Amino acid sequence: MPVLLFVMACLTPVTTAVIPVAGLGTRLLPLTKSQPKEMLPVGRKPVVQYVVEELTGAGMQRVLFVTGPGKDSIENHFDVNAELIQVLREHGKEELLAELAFERAPVRFFYTRQRQLLGLGHAVLCAKPFVGGEPFVVALGDSIIGLQAQSDIVQRMIGCYFENDAAAVIAFEAVPREEIPLYGIARPASAGAVFALADVVEKPGVDEAPSNLAIAARYVFSPRIFDAIERTQPGKGGEIQLTDAIRLLIQERGRVFGVCLAEGERRYDIGNFESYFRAFVEFALADEKYGAALRRDLYAWLK
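Definitions and cut-offs
Here the residue numbers are simple positions, counted from 1 along each chain's written sequence. In keeping with the predicted nature of the model, local features appear solely for residues at pLDDT of at least 70, side-chain atom pairs appear and are counted solely at 80 or more, and the whole-chain, interface and lining totals rest on all residues. Values reported for side chains reflect all heavy atoms of the structure, with hydrogen atoms and water molecules removed beforehand. Note on conventions: DSSP H or I runs of at least 4 residues are helices, E runs of at least 2 residues are strands, and numbering of each starts at the N terminus. This radius of gyration counts C-alpha atoms alone. The globule rule is 2.2 Å times how many residues there are, raised to the power 0.38. Buried residues are those whose accessible area, probed at 1.4 Å on protein chains only, stays under 20% of the maximum for their type, while exposed residues exceed 50% and partly exposed ones sit between those limits. By definition in these notes, contact holds between two residues if any of their heavy atoms fall within 4.5 Å. Put simply, buried Ala, Val, Leu, Ile, Met, Phe, Trp, Tyr and Cys residues joined by side-chain atoms within 4.5 Å make one nonpolar core. Any two cysteine sulfur atoms lying within 2.5 Å of each other are counted as a disulfide. The method works on a 1 Å grid over the protein atoms by themselves. A cavity is a set of points holding a 1.4 Å probe that cannot get out, a pocket is an open set with protein on both sides within 12 Å along at least five of seven lines, and residues with an atom within 4 Å of a point line them. Grid points are joined across faces, edges and corners, and a volume is the space filled by probe spheres set on the points. Under this grouping Gly is polar, as are all residues other than the nonpolar Ala, Val, Leu, Ile, Met, Phe, Trp, Tyr, Cys and Pro and the charged Asp, Glu, Lys and Arg. pLDDT gives the predictor's per-residue confidence on a scale running from 0 to 100. Polar contacts, as used here, are pairs of N or O atoms within 3.5 Å; protein pairs need one atom able to donate a hydrogen and one able to accept it. Residues neighboring in sequence count only if both atoms are side-chain atoms.

Details of the overall build of the chain
Within the chain, the regular secondary structure consists of 11 helices and 13 strands. Here the C-alpha radius of gyration of the chain, 20 Å, is about what a compact globule of 303 residues would show, namely 19 Å. Taken along the three principal axes of its C-alpha coordinates, the chain extends 60 × 50 × 45 Å. Taken over 303 residues, the chain has a buried fraction of 47%. Restricting to contacts in the chain with at least 6 residues of sequence separation, those with at least 24 account for 75%.

Here we look at the nonpolar core
If you look at the biggest cluster of nonpolar residues, it comprises 38 residues, and the most contacted ones within it are Ile19, Leu55, Phe65, Val137, Ile153 and Val169. Among the elements that line this core, the one with the most residues is helix H7 (residues 153–163), at six residues. Dropping the residues within four chain positions of it, Leu55 is found in contact with Ala17, Ile19, Met60, Val137, Ala139 and Val154.

Looking at the state of the cysteines
Following the criterion strictly, the structure yields zero disulfides and no others. Summary of cysteine pairing: Cys260 is not part of a disulfide, and the nearest cysteine sulfur, belonging to Cys160, is at 11 Å.

Quick notes on helix H2 (residues 47–57)
For H2, the tally of buried residues reaches eight of 11 residues, placing the bulk of the element in the interior. Every buried residue of H2 is listed here: Val47, Val48, Gln49, Tyr50, Val51, Val52, Glu54 and Leu55. Directly beyond the C-terminal end of H2, a positive phi value near 95° is found at Gly59.

A word on the layout of surface pockets
A volume near 1,700 Å³ is recorded for the largest pocket. In terms of lining residues, the largest pocket is bounded by 47 residues, among which Arg27, Lys37, Asp142, Arg267 and Asp269 are the most central. Looking at the lining of the largest pocket, the elements that each hand over two or more residues are helix H5 (120–125), strand E8 (168–174), strand E11 (213–221), helix H9 (242–251), strand E13 (267–269) and helix H10 (273–285). The element that contributes the greatest number of residues to the lining of the largest pocket is H10, accounting for four residues. Partitioned by chemical class, the residues of the lining of the largest pocket number 21 nonpolar, 12 polar and 14 charged.

Observations concerning the confidence of the model for the chain
Confidence in the prediction of the chain, expressed as mean pLDDT, is 89, and 96% of residues score 70 or more. Confidence, expressed as mean pLDDT per element, reaches its minimum in the chain at helix H1 (residues 3–10) with 44 and its maximum at strand E6 (residues 136–139) with 98. Note that pLDDT drops below 50 for residues 1–10; the model gives that stretch two contacts with residues more than four away or on any other chain.

A short note on the side chain of Asp287
Considering the arrangement of structural elements, one finds Asp287 in the loop between H10 and helix H11 (291–302). Using a relative accessible area of 16% as the deciding quantity, one classes Asp287 as buried. A polar contact is formed between the side chain of Asp287 and the backbone nitrogen of Lys289, at a distance of 2.9 Å. Residues in contact with Asp287, not counting those within four places in the same chain, are Arg44 and Ala292.

This is the structure we're talking about:
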């Protein structure tokens, strides 16, 4: 067996994912007053179901939700509802059972609370006892990658992680100039769809930004990230920023890489009403059963 294939065969696969879902979703009030933003419907499914389906498609076997107050509906959604299954069968609605197929996915779900909302870095740190000493994926629970979550970005990131003996791999997408101040922005150290990172700048001004490549809600980390987070000083509002911990990895000569979303792997960020409305309409128009009729109606209304 060639040396490279032997080494790859001996590597521990990445099968653990962490989904932070503790945020309050204040930019979507009053919609999120009693409902987690991660459970808002986009087309036929809640946001977080798309995220989980993407992760299980990438080989994740264990998923840890980092939750907070008012997030019980997420746990309920991923429980197996035997009573509902029985009712559907008794009433001859067997065809609807296919809509519950996600309940039978080969993945185990776990939950822990972020007892204080101290930022994304702190949320990831809450996963330390669960993750242990293995590499893991972080996927933000309010962001879908690709229409209908048809994306292989996580697989490509895991491949980059092992090929480069990385400390971290981060997904990036190109954004319009006016959106640059909303995101962590890459300072690439090399060119291409996969590149080494020289720095990540949190929400720079348009004129100061080193690129237009914004962090796209997916990460692969080695356990080194936990030590970096623990040494990261709180910023505005007492929050511990994950971007600051990543910068610390880079400064300490950790190998950190970026992987760009491919065409069609657009990020749907369900963080404000404009992006939520756009995502819902686009997913609805792509619906196999109702999309064509909805498209005709839209054309008629716009005349």
